[in-house]
Amino acid sequence: MKEILFPMMTGDASEPGVLATWYVADGDTVAEKHLLAEVAIDKVDAEIYAPAAGTVRLRVQEGDEVAQGSVIAVIE
């Protein structure tokens, strides 16, 4: 199982970000390097890609405020 983390996007780890968009649904099967999500902090956006192939299990919903470095999904 691979954990998908909200990236560290600022020098202040206590500053939360937002899971802006999921490009997959819970239970989808993805290939390695498949685009999973877009996240944002302040005016900085980042895309999250699958580190491995497998089945995605989402841990947060679109629009949720998320701590940097926290698990947003896993790939089984």
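The coordinates are above.
Conventions adopted
- Residues numbered from 1 in each chain as written.
- Predicted model: local features only at pLDDT ≥ 70, side-chain atom pairs only at ≥ 80, totals over all residues.
- Heavy atoms only, no water.
- Salt bridge = Lys/Arg side-chain N within 4 Å of Asp/Glu carboxyl O.
- Helix = DSSP H or I, 4+ residues; strand = E, 2+ residues; numbered from the N terminus.
- Buried < 20%, exposed > 50% of the residue type's maximum accessible area, 1.4 Å probe, protein only.
- Pairing = 2+ DSSP bridges.
- Core = buried A, V, L, I, M, F, W, Y, C linked by side-chain atoms within 4.5 Å.
- Contact = heavy atoms within 4.5 Å.

### Thoughts on the pattern of salt bridges
In step 1: With the rule as written, the count across this model stands at two salt bridges.
In step 2: We note a salt bridge from Asp26 to Arg57, for which the minimum N-O separation is 3.9 Å. Placement of the pair is Asp26 in the loop between strand S2 (17-22) and strand S3 (29-30) and Arg57 in strand S6 (residues 54-58), with a sequence separation of 31 residues.
In step 3: A relative accessible area of 47% places Asp26 in the partly exposed class.
In step 4: Assessed through its relative accessible area of 28%, Arg57 is described here as partly exposed.
In step 5: For Arg57, the salt bridge goes to Glu76, with nearest N and O atoms at 3.2 Å. Of this pair, Arg57 sits in strand S6 while Glu76 sits in the segment after strand S8 (71-75), and the two are 19 residues apart along the sequence.

### A word on the sheet that holds S3
In step 1: Taken together, the four strands give an open sheet; going across it, the order is S1-S8-S6-S3, and neighbouring strands pair in antiparallel fashion. The sheet is open, and its two borders are formed by strand S1 (2-5) and S3, each paired with just one other strand.
In step 2: Bridge analysis of S1 against S8 gives four bridges, and the strand direction is antiparallel. Residue pairing in the sheet places Glu3 in a bridge with Val74 of S8.

### What about the nonpolar core?
Nonpolar side chains tend to gather and get buried jointly when the protein is soluble and globular.
In step 1: Within the largest apolar cluster, 20 residues are counted, with the highest numbers of intra-cluster contacts made by Leu19, Trp22, Leu36, Val56 and Ile72.
In step 2: Counting residues per element, this core draws most heavily on strand S4 (residues 35-41), which supplies four residues.
In step 3: Excluding anything up to four places from it in sequence, Leu36 contacts Ile4, Thr21, Trp22, Tyr23, Val24, Val30, Ile48, Tyr49, Ala50, Val56 and Ile75.

### With respect to the sheet that holds S4
In step 1: Spatial strand order, S5-S4-S2-S7: four strands in an open sheet with antiparallel pairing. In this open sheet, the two strands that pair with only one neighbour each are strand S5 (44-49) and strand S7 (65-66).
In step 2: Both S2 and S4 contribute to a ladder of four bridges, which runs antiparallel. Counterpart to Leu19 in the pairing with S4 is Val39.

### Observations concerning the environment of Val18
In step 1: With respect to the element layout, Val18 can be found in strand S2.
In step 2: With relative accessibility at 32%, the residue Val18 sits in the partly exposed group.
In step 3: Beyond its immediate sequence surroundings of up to four residues, Val18 is in contact with Phe6, Glu38, Val39, Ala40, Gly63 and Asp64.

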